[in-house]
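An overview of the molecular structure
Chain by chain, the residues run as shown.
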Amino acid sequence: MSRWLITGCSTGIGREIARAALEAGHQVVVTARRPETVADLVEEHKDRAIAVGLDVTDKQQIIDAVRAANDAFGGIDVLINNAGNGYLSAVEEGEDDQIRKLFDTNYFGVVDTIKSVLPAMRARKSGYIINISSMTGLVANPPNAYYSSTKFALEALTEALAQEVKPFGIKVTAVEPGAFRTDWAVRSMWESNSAIDDYDESVGTRKAMIKEFAEHLPGDPRKVAEAVLMLTKLEEPPLRLLLGRDVLKAVREKLTALLASIDQWEAVTKDVNFPPGH
């Protein structure tokens, strides 16, 4: 039995991870901005679950959630950073306040939560941090430029953090789901209010497609939860775990194109160095 803290559990992937962890017998701090939205999960597992209000953009609420975990269960073994929002916008359409709010939730909220749990994990020489990233953290397309930017940043954070904390026995993984059937594209999706007509046929068309197919996407959120549970049982989990045939295809295509470009421009790449011996 492990002690978990999961952010963003009101719906979707976060809720399924919380449910799966509780069904597997773990102790779980189930968090949401409105804790009443997760009261049913806690009610089913009163002896091993507590509901805590947590907006990850509020540092004091993060501190309070970690303290609640310590008070209830004596610490945190597994941190799942899941809370996040989307944002549909062409780069030029992006609204400064919304973009900063997006980074506060998707990136800085994760940073602050990680920093709150690391001291105790370092002291125990154990722990596991799983960051729920996204296919868009590896492959960027319109109209997700800003959302992708938050997830690209999360990928870099995860990659460096894994190396920093490995000597302390702490494991770190980024999970990259593709398109999953949640209400993310409806409830958790923001959209620029500064639409520019010139982008209607390109960015605008992709916005409409995302919203139209939001409830018909191929990924099963429960399968993400099962994959996360599987990760926590591994002695040496992967740094990254892609989930979904769509993300697998997209990343392989990107890598193929990247390698081809590297090979094509290799001479220019090498030409900027001083000659050997100088």
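Above this text sits the structure in question.
Below is a short write-up of the structure.

What counts and what doesn't
Residues numbered from 1 in each chain as written. Predicted model: local features only at pLDDT ≥ 70, side-chain atom pairs only at ≥ 80, totals over all residues. Heavy atoms only, no water. Buried < 20%, exposed > 50% of the residue type's maximum accessible area, 1.4 Å probe, protein only. Helix = DSSP H or I, 4+ residues; strand = E, 2+ residues; numbered from the N terminus. Pairing = 2+ DSSP bridges. Right-handed = clockwise from strand over helix to strand, strands pointing away. 1 Å grid on protein atoms, 1.4 Å probe; cavity = no way out; pocket = protein on both sides within 12 Å on 5 of 7 lines; lining within 4 Å. Points joined across faces, edges and corners; volume = space filled by probe spheres on them. Nonpolar A, V, L, I, M, F, W, Y, C, P; charged D, E, K, R; others polar. Polar contact = N/O pair within 3.5 Å; in protein donor to acceptor, adjacent residues only side chain to side chain.

**Some points on the pairing of strand E2 (residues 27-32)**
Of all six residues in E2, six are buried, a share of seventy percent or more. Burial along E2 is two-sided: Gln27, Val29 and Thr31 and Val28, Val30 and Ala32, pointing in opposite directions, are all buried. Where strand E1 (residues 3-6) and E2 come together, four bridges link them in parallel fashion. Bridge assignment links Trp4 to a residue of E2, and that residue is Val28. Here E2 pairs with strand E3 (residues 49-53) via five bridges, running parallel. Bridge pairing in E3 places Ala32 opposite Gly53. In this fold, E2 hands off to helix H2 (residues 39-44), which returns the chain to E3; that crossover is right-handed.

**A few points about empty space enclosed by the protein**
Enumeration over the complete set of coordinates arrives at one cavity of 30 Å³ or more. As a volume, the largest cavity reaches approximately 30 Å³. As for the largest cavity, its lining consists of Thr7, Val56, Asn81, Ala83, Thr105, Gly109, Val110 and Thr113. The residue makeup of the lining of the largest cavity, split by class, is three nonpolar, five polar and no charged.

**Concerning the environment of Asp220**
Relative to the elements of secondary structure, Asp220 occurs in the loop between helix H6 (200-212) and helix H7 (221-232). On the basis of relative accessible area, Asp220 is assigned to the partly exposed category, the value being 36%. Along the sequence, Asp220 and Leu243 sit 23 residues apart, while their C-alpha atoms lie 10.0 Å from each other. Only 3.0 Å separates the side chain of Asp220 from the backbone nitrogen of Arg222, close enough to count as a polar contact.

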